[in-house]
Amino acid sequence: MKDIIDELYDLHLSNHNDTNNEDKEYQSTLDRLIKLESELLKTYPDCKELLEEFQTADGDLHSIANRIEFRKGFKVGAQLVLEMIKPIR
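Per chain, residue numbering runs from 1 following the sequence as it is written. In keeping with the model being predicted, local features are shown solely for residues with a pLDDT of at least 70 and side-chain atom pairs are shown and tallied solely at 80 or more, while totals for entire chains, interfaces and linings include all residues. The side-chain quantities take in all heavy atoms of the structure and omit both hydrogens and water.

The next thing to look at is the overall build of the protein. Numbering goes from the N terminus for both helices and strands, where a helix is a DSSP run of H or I of at least four residues and a strand is a run of E of at least two. Assigned secondary structure in the protein consists of three helices and zero strands. Mapped from its N terminus to its C terminus, the protein presents α and β elements in the order α-α-α. Relative accessible area decides the class of each residue, using a 1.4 Å probe on protein chains only: under 20% of the type maximum gives buried, over 50% gives exposed, and in between gives partly exposed. When burial is assessed residue by residue, the protein has 6% of its 89 residues classed as buried. Total accessible area on the protein is roughly 8,200 Å²; 60% of this is exposed by carbon and sulfur atoms. In short, Shrake-Rupley with a 1.4 Å probe defines the accessible areas, and a residue's cover is counted only from the protein chains shown.

A pairing counts as a salt bridge when a side-chain nitrogen of Lys or Arg comes within 4 Å of a carboxyl oxygen of Asp or Glu. Taken as a whole and judged by the stated rule, the model has six salt bridges. Asp6 is the partner of Arg71 in a salt bridge, and the nearest nitrogen-oxygen pair spans 3.2 Å. With a gap of 65 residues between them, Arg71 in helix α3 (residues 48-84) and Asp6 in helix α1 (residues 4-20) connect regions that are remote in the sequence. Three or more residues joined by partner-sharing salt bridges are found here, namely Asp3, Asp6, Asp10, Arg67 and Arg71.

With that out of the way, let us pick up the packing of aromatic side chains. Here is the rule: rings of Phe, Tyr and Trp (six-membered ring for Trp) pair when centre to centre is within 6.5 Å. Planes less than 30 degrees apart are stacked, more than 60 are edge-to-face, and the remainder are tilted. Applying the stated rule across the entire model yields two aromatic pairs. With a centroid separation of 5.1 Å and 55° between ring planes, the pair formed by Tyr9 and Phe70 is classed as tilted. Here Tyr9, found in helix α1, pairs with Phe70, found in helix α3; they are 61 residues apart in sequence, far enough to count as distant. Looking at Phe70, the relative accessible area reads 22%, which means it is partly exposed. Grouping aromatic residues by their ring pairs yields a cluster made of Tyr9, Phe70 and Phe74.

Glancing now at helix α2 (residues 24-43). Given a helix with a known number of residues, its expected span is that number minus one, times 1.5 Å. The end-to-end C-alpha distance of α2, which contains 20 residues, comes to 29 Å, matching closely the 28 Å that a straight helix rising 1.5 Å per residue would cover. By the criterion applied in these results, polar contacts are pairs of N or O atoms within 3.5 Å in which, for protein atoms, one can donate a hydrogen and the other can accept it, and in which residues neighboring in sequence qualify only through two side-chain atoms. For α2, the N-terminal cap is Asp23; the gap from its side-chain oxygen to the backbone nitrogen of Glu25 is 2.8 Å.

Turning to the side chain of Asp6, a few remarks are in order. Judged by its relative accessible area of 13%, Asp6 is buried. A polar atom in the side chain of Asp6 sits 3.1 Å from the side chain of Arg67. We call two residues contacting when some pair of their heavy atoms lies within 4.5 Å. The contacts of Asp6, once residues within four sequence positions are left out, are Arg67 and Arg71.

Note on geometry: axes are lines fitted to C-alpha atoms, helical ones only across the stretch in contact, with angles between N-to-C directions running from 0 to 180 degrees. Closest axis-to-axis distance for the α2/α3 pair is 10 Å, and the angle between their directions is 150°. Taken together, the axes of α2 and α3 are roughly antiparallel relative to one another. Where α2 approaches α3, its residues Glu37, Leu40 and Leu41 are matched on the opposing element by Lys48, Leu51 and Gln55. Each residue gets one label: Ala, Val, Leu, Ile, Met, Phe, Trp, Tyr, Cys and Pro are nonpolar, Asp, Glu, Lys and Arg are charged, and the others, such as Gly, are polar. Along the lines of polarity and charge, the residues of the contact of α2 with α3 split into three nonpolar, one polar and two charged. Angle categories are assigned with fixed cut-offs, so that under 35 degrees is roughly parallel, over 145 is roughly antiparallel, 65 to 115 is roughly perpendicular, and the rest are oblique.

In short, shape yes, function no, at least from these values alone.
Structure (structure tokens):
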């Protein structure tokens with residue numbers, strides 16, 4: 001069962017992909033990745049299934065890492081808010 005932070009992260013992901021296309025650095029890196037994938041498949045056409053499996057595992061790993069970083073950032077933000085509401089001495 002997911003906790004509230006994971007639920008917030010999943011909600012964030014639904015909007016996350018829309019903003020990436022506006023970022024020039026993101027688009028440039030994506031274009032480079034697509035070009036490299038094409039070159040790999042031309043050089044090693046018999047490795048298509050292995051490349052797809054690698055990409056799936058890599059994507060899964062990035063998804064997990066993003067969730068972990070989101071959780072950390074959310075907790076730090078919450079701690080900052082708690083610190084801010086303390087009375088000034």
